[in-house]
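# What the coordinates show
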Amino acid sequence: MSLKSLIFLLPFVIFSCNDAPDAKVLASVYNQDLFDYEVYNKMPVNIQDSVFFINTYIDKWIRKKILHHHANINIKVKSERIKESVKKFEESLVINEYQQQLLNQKFDTIIELNELLNYYEKNKNQYRLNQNIFMGRFLIIDKIAPNIKRLFKIFRSNNKDDIDELTNYCLLYAKEYFINDSSWIYFDQLKKKLPTDISTYNYLLNTKFDVFEDEKLLYLLDIKKYKIKGDLSPFEIEKDNIKALILNRKKIKYLDQLEDDLIINAKALNKIKIY
């Protein structure tokens, strides 16, 4: 099938998706047909090259169907191993789908902050930094930007009006900036942006404020707090990981309890017999 014909078919895809009698056949292999709506249903919403996607999909579909056809010819009687694997796979799919529906409908995903903090406090030694982190501010600005002197004056200020002014200035003129000095960020991510290589450990140990420059840009850095690789990882960094861990444990407990309840119910209805 040519690219031109595929492009011609595209307008019909949306129509035929919900109207099976008018579906267009894009390819056939040993009397098995691939319809346009099957391809359309798999196509990403914001795809840029739909023709390439369709051609690739058709090619993969043809290869799979040919291989499956010859496999069925050469394995005329399916082995017990294959039958058992198919059965187990189907059971797992159905069970997983049922469990996911129950979780979506009834499982409470809200975890209070106190529970997260308590877990963190009890398991602090498990959380060690694998990277250097810091709290502070960072700004990249063009050397010809206006009011550079004023920028230097307010860059490290904790005065609310100065912070508001700094924020507005960054929005207007900064090439890149991070001024939320109450959040931890990984220092190596920032280090890659600097025009000069630095020794991280010694630098963090001895630096509070610094200015770098290249031919066109200024780099302002203010370090308020820092932690070194191997130090205790702050709760703020670990909070999402802890939440995911607690949620997973609660899901397992919830599903185990559901399974126990279903077994009790089945026994009460005399639906379980052991011979």
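As a reminder, the structure under discussion sits directly above these lines.
## Points about unusual backbone geometry
Phi at asparagine 31 is positive, roughly 70°, even though this residue is not glycine. Turning to its location among the elements, asparagine 31 is positioned in the loop between strand S1 (25-29) and strand S2 (32-35). For asparagine 270, which is not glycine, the phi dihedral falls at a positive 60°.

## Observations concerning the layout of surface pockets
There is about 150 Å³ of room inside the second largest pocket. Taken together, Ile95, Tyr98, Gln99, Leu255, Leu258, Glu259, Leu262 and Ile263 make up the full set of residues lining the second largest pocket. If you list the elements that add at least two residues to the lining of the second largest pocket, you get helix H4 (80-106) and helix H10 (235-268). In terms of residues, the lining of the second largest pocket owes the most to one element, H10, which gives 5 residues. Along the lines of polarity and charge, the residues of the lining of the second largest pocket split into 6 nonpolar, 1 polar and 1 charged.

## Topic: the nonpolar core
For soluble globular proteins, nonpolar side chains are generally found buried alongside one another. Among the nonpolar cores identified, the biggest contains 16 residues, and Phe187 and Leu221 are the most heavily contacted of them. With 4 residues, the top contributor of residues to this core is strand S7 (residues 217-227). Here leucine 221 is in contact with Phe134, Arg137, Phe138, Phe155, Phe187, Leu190, Tyr203, Lys208, Phe209 and Asp210, once residues within four sequence places are set aside.

## Observations regarding the pattern of salt bridges
On inspection of all chains with the given rule, the structure shows 12 salt bridges. Of the charged contacts, one joins arginine 137 and aspartate 181 as a salt bridge, the two residues approaching to 3.0 Å between their closest N and O atoms. Here the residue arginine 137 occupies a position in strand S3 (residues 133-142), and aspartate 181 occupies one in the loop between strand S4 (174-178) and strand S5 (185-186), the gap between them amounting to 44 residues. Each of the two residues, arginine 137 as well as aspartate 181, counts as buried. Between glutamate 165 and arginine 150 there is a salt bridge, with the nearest N and O atoms lying 2.8 Å from each other. Placement of the pair is glutamate 165 in helix H7 (residues 160-173) and arginine 150 in helix H6 (residues 148-154), with a sequence separation of 15 residues. Classification of arginine 150 as partly exposed rests on a relative accessible area of 32%.

## A closer look at the environment of lysine 124
The topology assignment puts lysine 124 in the loop between helix H5 (113-122) and S3. Overall, the relative accessible area of 28% leaves lysine 124 in the partly exposed class. In this structure, the C-alpha to C-alpha distance between lysine 124 and proline 234, residues 110 residues apart in sequence, is 9.2 Å. A distance of 3.3 Å separates the side chain of lysine 124 from the side chain of glutamate 121, its partner in a polar contact.

## Re the packing of H5 against H10
As a packed pair, H5 and H10 sit with axes 9 Å apart at the nearest point and diverge in direction by 100°. Judged on the interaxial angle alone, H10 and H5 are roughly perpendicular. Residues Leu113, Glu115, Leu116, Leu117, Tyr119 and Tyr120 of H5 form the contact with H10, whose participating residues are Phe235, Lys239, Ile242, Lys243, Leu245, Ile246, Arg249 and Lys250. Per-class residue counts for the contact of H5 with H10 are 9 nonpolar, no polar and 5 charged.

## Points about a negative patch on the surface
On the surface, a cluster of negative charge is made up of Asp256, Glu259, Asp260 and Asp261. Counting through the fold element by element, aspartate 256 comes out in helix H10. Look at aspartate 256 and you get partly exposed, because its relative accessible area is 41%.

What counts and how
- Residues numbered from 1 in each chain as written.
- Predicted model: local features only at pLDDT ≥ 70, side-chain atom pairs only at ≥ 80, totals over all residues.
- Heavy atoms only, no water.
- Helix = DSSP H or I, 4+ residues; strand = E, 2+ residues; numbered from the N terminus.
- 1 Å grid on protein atoms, 1.4 Å probe; cavity = no way out; pocket = protein on both sides within 12 Å on 5 of 7 lines; lining within 4 Å.
- Points joined across faces, edges and corners; volume = space filled by probe spheres on them.
- Nonpolar A, V, L, I, M, F, W, Y, C, P; charged D, E, K, R; others polar.
- Core = buried A, V, L, I, M, F, W, Y, C linked by side-chain atoms within 4.5 Å.
- Buried < 20%, exposed > 50% of the residue type's maximum accessible area, 1.4 Å probe, protein only.
- Contact = heavy atoms within 4.5 Å.
- Salt bridge = Lys/Arg side-chain N within 4 Å of Asp/Glu carboxyl O.
- Polar contact = N/O pair within 3.5 Å; in protein donor to acceptor, adjacent residues only side chain to side chain.
- Axes fitted to C-alpha atoms, helices over the stretch in contact; angles between N-to-C directions.
- Parallel < 35°, antiparallel > 145°, perpendicular 65-115°, else oblique.
- Patch = residues over 30% accessible without salt bridge, like charges linked within 9 Å, V, L, I, M, F, W, Y side chains within 5 Å.
- Areas by Shrake-Rupley, 256 points an atom, 1.4 Å probe, with all protein chains shown as cover.
- Lys, Arg positive; Asp, Glu negative; His and termini not counted.
- Charge placed at Lys NZ, Arg CZ, Asp CG, Glu CD.

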